[in-house]
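In case you want the letters, here they are:
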Amino acid sequence: MAGQWLPIADIAAQVQAGTSRASDLVEQSLETIADKQEEYKAIIATTPDRARERAEAIDVRVAKGEKVGRLAGVPFIAKDNFLVFGADTTAASNMLKGFNAPYQATAIEKLEAEGAICVAKANLDAFAHGSSTENSDFFTTRNPHDTSRVPGGSSGGSAAAVALEMAPFATGSDTGSSIRLPAAFCGVVGFKPTYGAVSRSGVVAMASSLDVVGPLARTVEDASLVFDVIADKDILDSTTLARDPKGYALPAELGTDLTGTKIGILKEYMDDHTAPAIKATLGQAIEKLKKAGAEISEISIPSMPLSLAVYYVLCPAEVSSNLGRYDGQRYGYNAAETEDLETSYKNSRGRGFGKEAKRRIMIGTYVLSSGYYDAYYKRAQIVRTKLIREFEAAFQKVDFMLGAVSPTGHFKIGEKTHDPLEMYLADLYMTGANLVGIPSISVPAGMADGLPVGLQLLAPQRKDRELLSLARQAEELLI
Amino acid sequence: MSKLTRDDVLKLAQLARLELTDEEVEQYSSELTEILRYVEQLSAVDVEGLEPTNQVTGLTNVTREDEVQDYGYEATGLLKNVPAVKNNQIKTKRMIG
């Protein structure tokens, strides 16, 4: 794809130097969106007034000789489950249609503090429940490489927007695949950091023991810079971790020497379910890593095939709890004409939530209900421990792991919508990282049948910087 | 596991305060059954000596000083998404009959 954006650090440097204007960059971004929105439907709303206002203020500050920040004048797109000023925050749901953020997400505040400018809100599966954006209550985003196919999800709008160069980067959230799967399907970089690395304050909660915030960008270098800006401890999210004292921005010259780097091919993420074309592309990628000096071996997480089952107990359980707050009384869809409070709750929730949200609330309610709690919810939590132990043991032997992102690759719009379980299986290779809290990144590894293939790389908890370094090296070797 | 009945689904919907159409009740009873069958494989796993995990990074009891912080928000701004407001308070239907 033609590159209309420079690396993010260069854009910011030019704005700071006065050789490029934030106002022009915002217009460039808005024009690209206007140009491509009809065909791809990546965007729910633009935020032109606030973006222009902020850009102008930044240009004025530069003219006065003030230092703006590391993302000075860089336009970006926020997934529409981030609370952002300048447009409604809908999470692509009828429930939150017309919801106007009274405050901003911490991640957005941090991006703005460094001079970045939000220009639009991206489409997603409603409440981030899905792997294709087909669960959006508004419309389905189309894959930039083939408009008959899904962009992946739930951050499908963010991934498509970055691939279409509507902006240099976008924010995403990942509960079971939602940053990495769309990144792979759209041919961009998607980074799911260690659990707790980035504050979720001001991001519509899905499953709180799994949710993370992370960037989608065209390159690992860009993703690292954005991550470096948003990663921090936050008093508003008590699960957040202290930053790596070395930070996360990558050195300019990293080279491609992988001598001594031990990478395990995760057997369960490259198995009989993996489409042959994806396997072949990843096989070539592995050869290149080997040639660069990496010590490649095979590694196994024996309980991995259970991870999706664990996920589809824990995730709906937490979803049903988190969506309990939508009662139609304080905010969100309100079924006005009802007799009593109970009916108002039921009608507001019944009509405001889409099919998938209701499906997950029902499953969650079932696995948490008395009589089933031990058999499902507690059992899943225990198997989660088993997965954690197996990962810990495997990371004694290797520094990193690699595998496919998804077994099936790009499916067609409508192909899986009538079979929820089939749709869930698209996440087969993704949910493990969320369950054990480790960082995982999808980088473009080449093409198969004319469509981009993602390579998934995984590292132990808190090794985000190391993982980004490896991903940066892999990216250079693979392109 | 046997198929979730219509009554099972209606009971769940009541617990979750969801109004469902007849069509949805029908659809969910078969879909939920299928999903629950899939996750049932967990019952066969050997979990001897393992404890449940709630939190993956090992944090426990994260506390802060209980002090008022001024975030600069006005009540009217925070109430702007509320369907019905009276005297700066959220108005709902009668709770006690």
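My aim in this report is to walk through the structure given alongside it, one point at a time. (Residues numbered from 1 in each chain as written. Chains lettered and ligands numbered in written order. Predicted model: local features only at pLDDT ≥ 70, side-chain atom pairs only at ≥ 80, totals over all residues.)

## Here we look at the overall build of chain B
Thought 1: The helix and strand tally for chain B stands at three helices and two strands.
Thought 2: Counting from the amino terminus, helix and strand elements in chain B follow one another as α-α-α-β-β.
Thought 3: At 23 Å, chain B has a C-alpha radius of gyration far larger than the 13 Å of a compact globule built from 97 residues.
Thought 4: Dimensions of chain B, computed from the C-alpha atoms along their principal axes, are close to 55 × 45 × 25 Å.
Thought 5: In chain B, which comprises 97 residues, the share counted as buried stands at 15%. (Helix = DSSP H or I, 4+ residues; strand = E, 2+ residues; numbered from the N terminus. Rg over C-alpha atoms; globule rule 2.2 N^0.38 Å. Buried ≥ 20, exposed ≤ 12 C-beta atoms within 10 Å, placed from the backbone.)

## Overview of the overall build of chain A
Thought 1: Helices and strands together make up the secondary structure of chain A, namely 15 helices and eleven strands.
Thought 2: Computed over C-alpha atoms, the radius of gyration of chain A comes to 21 Å, within 12% of the 23 Å expected from 2.2 N^0.38 for 479 residues, which places it in the range of a compact globule.
Thought 3: Counting only C-alpha atoms, chain A reaches 65 × 55 × 45 Å along its principal axes.
Thought 4: Split into buried and exposed, the 479 residues of chain A put 62% on the buried side.
Thought 5: Long-range contacts, defined as pairs at least 24 residues apart, comprise 76% of the intrachain contacts of chain A with a sequence gap of at least 6. (Contact = placed C-beta atoms within 7 Å.)

## Section: helix H2 (residues 22-40) of chain A
Three- or four-residue spacings in an α-helix give side chains the same orientation, since the helix completes a turn every 3.6 residues.
Residue and element names in this part refer to chain A.
Thought 1: With 19 residues, H2 should reach 27 Å at 1.5 Å per residue; the first-to-last C-alpha distance of 26 Å fits that figure.
Thought 2: Its maximal kink placed at Ala 34, H2 deviates by approximately 30 degrees.
Thought 3: Residues of H2 that are buried: Ala 22, Ser 23, Leu 25, Val 26, Ser 29, Leu 30, Ile 33 and Tyr 40.
Thought 4: One or two steps after H2, the chain reaches Lys 41, where phi turns positive at roughly 55 degrees. (Expected span 1.5 Å × (residues − 1). Bend = angle between axes of the 7 residues up to and from the residue.)

## Section: the packing of helix H11 (residues 355-368) of chain A against helix H2 (residues 22-39) of chain B
Thought 1: Contact pair H11 of chain A / H2 of chain B: the axes reach a minimum separation of 11 Å and the direction vectors enclose 55 degrees. Our classification of the angle between H11 of chain A and H2 of chain B gives oblique. Every pair of crossing elements has a handedness; the one defined by H11 of chain A and H2 of chain B is right-handed. Contacts from Arg 359, Met 362, Ile 363 and Tyr 366 of chain A in H11 of chain A reach Tyr 28, Glu 31, Leu 32 and Ile 35 of chain B in H2 of chain B. (Axes fitted to C-alpha atoms, helices over the stretch in contact; angles between N-to-C directions. Parallel < 35°, antiparallel > 145°, perpendicular 65-115°, else oblique. Left-handed = near helix turned anticlockwise from the far one by under 90°.)

## Description of the interface of chain A and chain B
Accessible area lost when the parts come together is the quantity often used to give the size of an interface.
Thought 1: Contact residues are listed per partner, giving 55 residues for chain A and 44 residues for chain B.
Thought 2: Where the side of chain A that touches chain B is concerned, the elements lending two or more residues are helix H9 (307-322), helix H10 (341-352), H11, helix H12 (374-397) and helix H13 (420-424) of chain A.
Thought 3: In terms of residues, the side of chain A that touches chain B owes the most to one element, H12 of chain A, which gives twelve residues.
Thought 4: Its residues assigned to classes, the side of chain A that touches chain B shows 27 nonpolar, 18 polar and ten charged. (Nonpolar A, V, L, I, M, F, W, Y, C, P; charged D, E, K, R; others polar.)

## Side note on the nonpolar core
Thought 1: Judged by nonpolar contacts, the single largest core of 174 residues is most densely connected at Ala 161, Val 313 and Leu 457 of chain A.
Thought 2: If you tally residues by element for this core, the top one is H9 of chain A, at ten residues.
Thought 3: Beyond its immediate sequence surroundings of up to four residues, Val 313 of chain A is in contact with Val 367, Tyr 376, Tyr 377 and Ala 380 of chain A together with Val 39 of chain B. (Core = buried A, V, L, I, M, F, W, Y, C linked by C-beta atoms within 7 Å.)

## Some details on the environment of Ala 336 of chain A
Thought 1: Its place among the elements puts Ala 336 of chain A in the loop between H9 and H10.
Thought 2: Between the C-alpha atom of Ala 336 of chain A and that of Ser 348 of chain A, which follows or precedes it by twelve residues, the distance is 8.2 Å.

## A short note on unusual backbone geometry
All names here are of chain A.
Thought 1: Put simply, Gly 153 and Ser 154 share a cis peptide bond, and its omega is 10 degrees.
Thought 2: Inspection of the secondary structure puts Ser 154 in the loop between strand E3 (117-122) and helix H5 (156-163).
Thought 3: A positive phi angle is found at Lys 41, which is not glycine, with a value near 55 degrees.
Thought 4: The topology assignment puts Lys 41 in the loop between H2 and strand E1 (43-46).
Thought 5: At Asp 449, a residue that is not glycine, the phi angle is positive and equals roughly 50 degrees.
Thought 6: Its location among the elements puts Asp 449 in the loop between strand E10 (440-448) and strand E11 (451-458).

## Describing the sheet that holds strand E9 (residues 400-404) of chain A
Residue and element names in this part refer to chain A.
Thought 1: If you trace the eleven strands from one edge of the open sheet to the other, you get E1-E3-E2-E4-E6-E5-E10-E11-E9-E7-E8, paired in mixed fashion. At either margin of the open sheet sits one strand with a lone partner, and together these are E1 and strand E8 (295-299). Going from strand to strand, the sheet's axes swing by 30 degrees on average, the running direction of each strand aside.
Thought 2: Here eight bridges tie E10 to E11, and the two strands are oriented antiparallel to one another. Directly across from Ala 448, in E11, lies its bridge partner Leu 451.
Thought 3: Packed onto the sheet, helix H3 (residues 48-63) meets E1 and E3 and runs at close to 160 degrees relative to E3. (Pairing = 2+ DSSP bridges.)

## Topic: the environment of Phe 411 of chain A
Residues and elements named next belong to chain A.
Thought 1: Structurally, Phe 411 can be placed in the loop between E9 and H13.
Thought 2: Placed 127 residues apart in sequence, Phe 411 and Gln 284 show a C-alpha to C-alpha distance of 23 Å.
Thought 3: In this structure Phe 411 touches Arg 149, Val 150 and Lys 416, once residues within four positions along its chain are discounted.

## Re H12 of chain A
Thought 1: Taking 1.5 Å of rise per residue, the 24 residues of H12 of chain A would be expected to cover 34 Å, and the 34 Å separating its terminal C-alpha atoms lies within 8% of that figure.
Thought 2: Maximal helix bending in H12 of chain A amounts to about 25 degrees, located at Ala 380 of chain A.
Thought 3: Buried within H12 of chain A are the following residues: Tyr 376, Tyr 377, Arg 379, Ala 380, Gln 381, Ile 382, Val 383, Arg 384, Lys 386, Leu 387, Phe 391 and Phe 395 of chain A.
Thought 4: Looking at the buried side of H12 of chain A, the elements it contacts are H9, H11 and helix H14 (431-436) of chain A together with H2 of chain B.

## A closer look at the packing of H11 of chain A against helix H1 (residues 6-15) of chain B
Thought 1: Contact geometry for H11 of chain A and H1 of chain B: axes closest at 9 Å, N-to-C directions at 95 degrees. When the interaxial angle is binned, H11 of chain A and H1 of chain B end up roughly perpendicular. Side by side, H11 of chain A and H1 of chain B meet where Met 362, Thr 365 and Tyr 366 of chain A of the first sit next to Leu 12, Ala 13 and Leu 15 of chain B of the second.
Thought 2: Classifying every residue of the contact of H11 of chain A with H1 of chain B gives five nonpolar, one polar and no charged.

## A short note on the pairing of E10 of chain A
Looking along a regular strand, one sees the side chains alternate between the two faces of the sheet.
Residue and element names in this part refer to chain A.
Thought 1: Sheet topology places strand E5 (residues 189-192) next to E10; three bridges connect them, and they run antiparallel. Each residue of the ladder has a partner; that of Gly 190, found in E10, is Ser 442.
Thought 2: As consecutive antiparallel partners, E10 and E11 are separated by two residues, and within that stretch Asp 449 has a phi angle of approximately 50 degrees, a positive value.

## Topic: the environment of Gly 293 of chain A
Residues and elements named next belong to chain A.
Thought 1: Structurally, Gly 293 can be placed in the loop between helix H8 (276-291) and E8.
Thought 2: A count of 12 C-beta atoms within 10 Å places Gly 293 in the exposed class.
Thought 3: Taking the C-alpha atoms as reference points, Gly 293 and Thr 259, 34 residues apart in sequence, are found 4.2 Å from one another.
Thought 4: When near neighbours in sequence (up to four residues on either side) are disregarded, Gly 293 contacts Asp 257, Leu 258 and Thr 259.

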